[in-house]
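Each chain, letter by letter, is given below.
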Amino acid sequence: MCPPAHFRVTYSINPWMDPSKPVDLPLALAQWEVLRDRYRALGHTVSLLEPRPDLPDMVFAANGATVIDGRVLGARFAHPERTREAEAHLAWFRARGFTDIHEPAHINEGEGDFAVTASYILAGRGFRSSPLSHDEAQEFFGRPVIGLDLVDPRYYHLDTALCVLDDAADEVMYYPGAFSPGSRAVLARLFPDAIIAEDADAAALGLNAVSDGRHVLLPQAAAGLFAPLRDRGYEPIAMDLGELLKGGGSVKCCTQELRQEQELDVRRELLLSA
Ligand code: ARG
């Protein structure tokens, strides 16, 4: 995660961003700290990236890389305003001893457009990440990448329209309206039991959520998602990141997951023995 110390909306690269709307910076920081503390209280380790004054969107740490089995696929941003975030992330990984790092040739905005399930990497395209980055990710990670076409500019990243609920299984929730008809059919075929979000919950960025396989942290305004999550045995946890919504992001955007090989193996074993 990266604290929103320098968060502001001075440019607009998605429909949520309106530079004429003021941002309450102390409130943004306080809301973000609640999220960080909640992860820690749930037993997760939170590592921090140093915010840079010239990069106001850096709080959206999910976009900086994709890490699976300790292997790091760097990001390459679509907009010049965010370009230099990629090197900040790479430097972070290098300083912490990650050696299996791939610097991408094609545009990909990290976990904004890559979502990891047990069987696949789901990959968004249409607004930010290049379809060519999907092949690049497949080659690097050696996992099947499923390309999905995003068609509604409000849902410009895959993680605004789809959330993986359990990456040791293949459980997701998503908003069909964000996808092309063909991609909707693909999702219905791969995830027949998915939770389907209604318009209002998607519009509250309710799918921009983070699940650890048990707890699901999601925007509190997405009220319609709480009951379906509980019905499936998840514990929904309401978060208010209202100030960061002005940048077009919420819980997931603020969170990049560092998937270590070992952790996944342990989770799979737990699941198999359950
Ligand atoms: N203002 C940022 C942008 O438009 C928001 C990024 C949100 N991050 C995400 N993972 N969806 O790039």
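Residues numbered from 1 in each chain as written. Predicted model: local features only at pLDDT ≥ 70, side-chain atom pairs only at ≥ 80, totals over all residues. Heavy atoms only, no water.

- Under an unreviewed UniProt entry, the name given to the chain is Amidinotransferase, and the organism recorded is Streptomyces niveus.

Observations regarding the sheet that holds strand E8 (residues 171–174)
1) Next: The mixed open sheet is built from three strands, whose spatial order is E7-E8-E9. Every interior strand has two partners, whereas the edge strands, strand E7 (162–166) and strand E9 (195–196), have only one.
2) Next: Pairing of E8 with E9 involves two bridges; the strand directions are parallel. Pairing of Tyr174 across the sheet is with Ile196, part of E9. (Pairing = 2+ DSSP bridges. Helix = DSSP H or I, 4+ residues; strand = E, 2+ residues; numbered from the N terminus.)

A word on the site of the ligand
1) Next: In the vicinity of the ligand, 16 residues are found, and the nearest of them are Asn14, Arg82, His157, Asp159 and Cys253.
2) Next: Interatomic distance of 3.0 Å between a side-chain N/O atom of Asp57 and a nitrogen atom of the ligand.
3) Next: Measuring from an oxygen atom of the ligand, one finds a side-chain N or O atom of Arg128 at 2.9 Å.
4) Next: About the coverage of the ligand: the protein hides 100% of its 350 Å² of free accessible area.
5) Next: Classifying every residue of the shell around the ligand by side-chain character gives six nonpolar, six polar and four charged. (Near = heavy atom within 4 Å. Polar contact = N/O pair within 3.5 Å; in protein donor to acceptor, adjacent residues only side chain to side chain. Areas by Shrake-Rupley, 256 points an atom, 1.4 Å probe, with all protein chains shown as cover. Nonpolar A, V, L, I, M, F, W, Y, C, P; charged D, E, K, R; others polar.)

Details of the sheet that holds strand E3 (residues 101–102)
1) Next: Sheet architecture is open: three strands sit in the order E1-E2-E3, paired in mixed fashion. In the strand order of this sheet, the two ends are held by strand E1 (65–68) and E3, each with one partner.
2) Next: Direction of pairing for strand E2 (residues 71–74) relative to E3: parallel, over a ladder of two bridges. Looking across to E3, one finds that Leu73 is bridged to His102.
3) Next: The sheet contacts of helix H3 (residues 131–141) involve E1, E2 and E3, and relative to E2 the element is tilted by about 165°. (Contact = heavy atoms within 4.5 Å. Axes fitted to C-alpha atoms, helices over the stretch in contact; angles between N-to-C directions.)

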